[in-house]
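# Descriptive analysis of the structure
Now for the letters of each chain:
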Amino acid sequence: MLRLPTFELHKPTTVAAALEAAAASGPATRFVAGGTDLLPNLKHEMIEADHLVSLAGIESLRGIRLDGDDLVIGPMTSLTDVASSELVQERAPALAQAAGVVAGPQHRNQGTLGGNVMLDTRCQWINQSYFWRSALGFCLKKDGTECHVIEGGKRCVAAVSNDSIAPLYTVGAKLVFQSLATPEMIAAGAPEGVQTRPVPVDALFKADGAYNKKVGLQELLTEIRIPALPAGHRGSYQKLRLRGSIDFPQLGIAARLDLDEAGVIVHADVVAIVVAARPVRVKKAPDQLVGQTPGTPGFEAALAELCDLATRSVKALPNIPGDTEWRQRMVPVLIEDAIRACV
Amino acid sequence: MGNLNLKINGDHHPVDAPDHWTLLEVLRYRLDLTGSKQGCDKGDCGACTVLVDGKPELACLLLAGASEGREITTIEGLMPAHRAAGGTGADPVQDAFDRAGALQCGFCQPGMMLSTRALLNEEERPSRERIREALSGNLCRCTGYTQIIQAVELAIHETCGEPVEHPAWAPDQAPWGDAVSTVPGRKGTGSSDTTQGEQA
């Protein structure tokens, strides 16, 4: 039996009330969406929180809609709804695929896209009970000073494990965060009340597994905006895991190819997750693939070259359960699968 | 009056529970609804599966306080709902699991049956692949998956009033006997007796 530590639960019905509840409750406050990541982490005492602000009652945070050219997904939309949405399947196919392979059916029904975006990092030395971790003297991510992944490591390398992030990178999503202006911000000239801050998804992360995001815990994700993509947009997400369900990814690869009317690649992007604390973009992807036409010998040669080059920048660490060498060897395999699924 | 008002199996339950209690803890330790099992308690096993607004969710990862205003169905609610809709016996899913021997220790069974009920409410005739996908969040440590899938297919065939395919290990007979439950709008759910008759 794993009990939750005691906390006070707040149940606001508007974003403004949620921000006020979080601001009034102090720093040991967490927003809780579906709870499928936060609750196990609280039960394992990986996180300390005196107050939880449940977002379950805020209807305005749910739903999928078009706003001008942007596809806007409310962060409290369930992963099941994201995966089955025709709008998402049409506009951002890789995101729909990724949402459909997160964990198991129950997790996707209660888990939300916003929760997946804000998922904590994972490591085989941290996602364990308090007793288990205490026997090792804890680790860099929480309560300890030593890294069990990299000997002498000074920075936590727990892995970014949110399936949805890799596709959101490839489509250039913007995340909209809202927070209440603190007294310090007001003293520095900011207006009082709710502040809105759009963050490009590839500016969200930092290379520190202890907390890998550049937004504060008092900032609430209120919108996930995906810009209009060209008619020839193709996307795919490939997930490596031991079982066909429930598991977190051992490796995740999202690929994007935009083709022009003649079938020539005009935009290419490949992003890997679960190798480090932040997603890793394969920077050689556009150099190799743009200008190629799928189905030609030139494309085949470029793809083989890309898969080879990618293994130099995408390096699996022994940070999550599973064979590290196998994960490393699957990097070119999944990149090839992801690109081929696009063409 | 309790600090929470939960709607469980069609009834309103006022309960007193601390903020940090999960729905599973309230079901088991406040309401004595012990059909929902406490397995891993961290979302890995599916033994605590309940239906929330008709969809399978994990009661061990759902805060009781965040479950207000939602329709919660536990395994205890399946038979009363089936009978309220005019059926007899247990829910056809429960009947099929019982007769197909789709259990050993039985710990995963409430979750398995609720995931199945949600699937059959959504689709009348799901494919085997779809059944496997829908049950993929429910682990059976006794590895009884073969009979579990058979039980779901038995429930589908009987609910639709179709002849039941015999399992490969008993090609000449329907080893699970006749359906005990009936479904409203259908004269008899079981067709295994007809099939047996034809074979005889």
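Note that the structure is predicted; figures quoted are calculated from it, not measured. (Residues numbered from 1 in each chain as written. Chains lettered and ligands numbered in written order. Predicted model: local features only at pLDDT ≥ 70, side-chain atom pairs only at ≥ 80, totals over all residues. Heavy atoms only, no water.)

### Quick notes on the overall build of chain B
Which entries qualify depends on this criterion: Counting from the N terminus, the helices are DSSP H or I runs at least four residues long and the strands are E runs at least two residues long. Note that the radius of gyration is over C-alpha atoms, with the globule rule given as 2.2 Å times the number of residues to the power 0.38. Summary of the burial criterion: residues with accessible area below 20% of their type's maximum are buried, those above 50% are exposed, and those between are partly exposed, where the area comes from a 1.4 Å probe applied to protein chains only. When checking whether two residues touch, look at their non-hydrogen atoms; a contact exists if any pair is within 4.5 Å. Only the protein chains shown count as cover for residues, and the accessible areas themselves come from Shrake-Rupley with a 1.4 Å probe. Positive: Lys, Arg. Negative: Asp, Glu. His and the chain ends are not part of the count. Note on charges: their place is set at NZ of Lys, CZ of Arg, CG of Asp or CD of Glu.
If you tally the helices and strands in chain B, you get seven helices and five strands. Along its sequence from the N terminus, chain B presents helices and strands in the succession β-β-α-β-β-β-α-α-α-α-α-α. Computed over the C-alpha atoms, the radius of gyration of chain B is 18 Å, within 12% of the 16 Å expected from 2.2 N^0.38 for a compact globule of 200 residues. The burial tally for chain B puts 53% of its 200 residues in the buried class. At a minimum sequence separation of 6, the contacts of chain B that also span at least 24 residues come to 52%. As presented, chain B carries roughly 8,900 Å² of accessible surface, and 49% of it is formed by carbon and sulfur atoms. Averaging the locations of the 17 positively and 28 negatively charged side chains of chain B gives two centres separated by 1 Å.

### A look at unusual backbone geometry
For residues other than glycine, phi is negative in most cases, and the peptide bonds are mostly trans. Positioned with a positive phi, Phe 138 of chain A is a non-glycine residue whose angle comes to about 60°. Mapped onto the fold, Phe 138 of chain A is located in the loop between α8 (130-135) and α9 (165-170). Overall, the relative accessible area of 15% leaves Phe 138 of chain A in the buried class. Phi at Asp 53 of chain B is positive, roughly 50°, even though this residue is not glycine. The topology assignment puts Asp 53 of chain B in the loop between β3 (49-52) and β4 (55-58).

### So, the domain arrangement of chain B
All names here are of chain B. Our working rule: Start and end positions for the domains come from either an automated domain assignment or a database one. Buried surface area refers to the total accessible area, computed with a probe of radius 1.4 Å, that the two partners give up upon joining, counted for both partners together.
Looking at chain B, the domain boundaries give domain 1 (4-73) and domain 2 (81-193). Summarising the inter-unit geometry, the C-alpha centres of domain 1 and domain 2 are found 24 Å apart. Of the residues lining the interface, 14 residues belong to domain 1; the matching set on domain 2 comes to ten residues. When the two sides are added together, the surface that domain 1 and domain 2 hide from each other amounts to roughly 890 Å², 66% of it contributed by carbon and sulfur.

### Remarks on the packing of helix α4 (residues 109-122) of chain B against helix α6 (residues 145-160) of chain B
Residues and elements named next belong to chain B. Note the threshold: Helix axes use the C-alpha atoms of the stretch in contact, all axes being lines fitted to C-alpha atoms, and the angles between their N-to-C directions lie in the range 0 to 180 degrees. By convention, the crossing between two helices is left-handed when the near helix turns anticlockwise from the far helix through less than a right angle, and right-handed when the turn is clockwise. The nonpolar class holds Ala, Val, Leu, Ile, Met, Phe, Trp, Tyr, Cys and Pro. Asp, Glu, Lys and Arg form the charged class, and all remaining residues, Gly among them, are polar.
One can describe the packing of α4 onto α6 by two numbers: an axis separation of 11 Å at closest approach and a directional angle of 35°. Of the two possible hands of crossing, α4 and α6 adopt the one that is right-handed. Residue-level inspection shows Met 112, Thr 116 and Leu 120 of α4 in contact with α6, the latter providing Tyr 145, Ile 148, Val 152, Ala 155 and Ile 156. Its residues assigned to classes, the contact of α4 with α6 comprises seven nonpolar, one polar and no charged.

### Details of the packing of helix α12 (residues 297-313) of chain A against helix α13 (residues 324-342) of chain A
Residues and elements named next belong to chain A. One can describe the packing of α12 onto α13 by two numbers: an axis separation of 9 Å at closest approach and a directional angle of 145°. By crossing handedness, the relation of α12 to α13 is classed as right-handed. Across the interface between the two elements, Phe 299, Glu 300, Leu 303, Leu 306, Cys 307, Ala 310 and Thr 311 of α12 pack against Gln 328, Val 331, Pro 332, Ile 335, Glu 336, Ile 339 and Arg 340 of α13. Along the lines of polarity and charge, the residues of the contact of α12 with α13 split into nine nonpolar, two polar and three charged.

### A look at α12 of chain A
Since the α-helix turns once every 3.6 residues, residues separated by three or four places project in the same direction. Residues and elements named next belong to chain A. What counts is decided by this rule: By this rule the span expected of a helix is its residue count minus one, scaled by 1.5 Å.
Over its 17 residues, α12 runs 25 Å from end to end, which matches the ideal 24 Å to within 8%, given 1.5 Å per residue. Every buried residue belonging to α12 is among Phe 299, Ala 302, Leu 303, Leu 306, Cys 307, Leu 309 and Ala 310, and all of these are buried. Residues of α12 that are buried sit in contact with β11 (265-273), α11 (284-289) and α13.

### Quick word on the domain arrangement of chain A
All names here are of chain A. The following threshold applies: Salt bridges are counted wherever a side-chain nitrogen of Lys or Arg sits within 4 Å of a carboxyl oxygen of Asp or Glu.
Examined at the domain level, chain A breaks down into domain 1 (60-117 + 160-226) and domain 2 (233-342). A separation of 22 Å is found between the C-alpha centroids of domain 1 and domain 2. Taken together, the 28 residues of domain 1 in the interface contact 22 residues of domain 2. Around 2,000 Å² of area is buried between domain 1 and domain 2 when both sides are counted, 58% of it from carbon and sulfur atoms. A per-residue breakdown of the area domain 1 buries against domain 2 is headed by Val 160, Tyr 169 and Thr 170, which together make up 30% of the total. In this assembly, domain 1 and domain 2 are joined by two salt bridges. Here Lys 239 makes a salt bridge to Asp 163, at a shortest N to O gap of 3.0 Å. Where the side of domain 1 that touches domain 2 is concerned, the elements lending two or more residues are α5 (93-100), α6 (105-110) and α9. Here the side of domain 1 that touches domain 2 takes five residues from α9, the largest share from any one element. Across the side of domain 1 that touches domain 2, the residue classes break down as 15 nonpolar, eight polar and five charged.

### Here we look at the interface of chain A and chain B
The cut-off we apply is this: Definition of a polar contact: a pair of N or O atoms within 3.5 Å, with one able to donate and the other able to accept a hydrogen when the atoms are protein atoms, and with sequence-neighbouring residues admitted only if both atoms are side-chain atoms.
Chain A puts 32 residues into the contact, and the matching count from chain B is 33 residues. Taking both sides of the interface into account, the surface hidden between chain A and chain B amounts to around 2,500 Å²; carbon and sulfur atoms contribute 55%. Across the chain A-chain B interface, the total number found is five salt bridges. Linking Lys 11 of chain A and Glu 68 of chain B is a salt bridge whose minimum nitrogen-to-oxygen distance equals 2.8 Å. On the surface where chain A and chain B come into contact, there are 15 residue pairs in polar contact (both at pLDDT 80 or more).

### Quick look at the pairing of strand β4 (residues 64-67) of chain A
All names here are of chain A. To keep things clear, this is the line we draw: If DSSP finds at least two bridges between two strands, the strands pair.
Strand direction decides the pairing type here: β4 and strand β5 (residues 70-73), joined by four bridges, are antiparallel. Paired with Asp 67 across the bridge in β5 is Asp 70. Taking the residues between adjacent antiparallel strands as the criterion, β4 and β5 are bridged by two residues, where Gly 68 takes a positive phi near 65°.

### Considerations on empty space enclosed by the protein
Quick note on the threshold: Here a cavity denotes grid points, spaced 1 Å and computed from the protein atoms alone, that fit a 1.4 Å probe unable to get out, and a pocket denotes an open set having protein on both sides within 12 Å along at least 5 of 7 lines; residues with an atom within 4 Å of a point are the lining. Grid points are joined across faces, edges and corners, and a volume is the space filled by probe spheres set on the points.
Tallied over the full model, the rule gives two cavities of 30 Å³ or more. Counted as a void, the largest cavity has a volume near 90 Å³. Contributing to the lining of the largest cavity are Cys 123, Trp 125, Ile 126, Cys 139, Leu 140, Lys 141, Cys 147, His 148, Val 149, Cys 156, Val 157 and Ala 158 of chain A. Residue composition of the lining of the largest cavity, by class: ten nonpolar, one polar and one charged. Size it by volume and the second largest cavity reaches roughly 40 Å³. The wall of the second largest cavity is formed by Leu 24, Lys 37, Gln 38, Gly 39, Cys 40, Asp 41, Gly 43, Cys 45, Gly 46, Cys 48 and Cys 60 of chain B. Residue composition of the lining of the second largest cavity, by class: five nonpolar, four polar and two charged.

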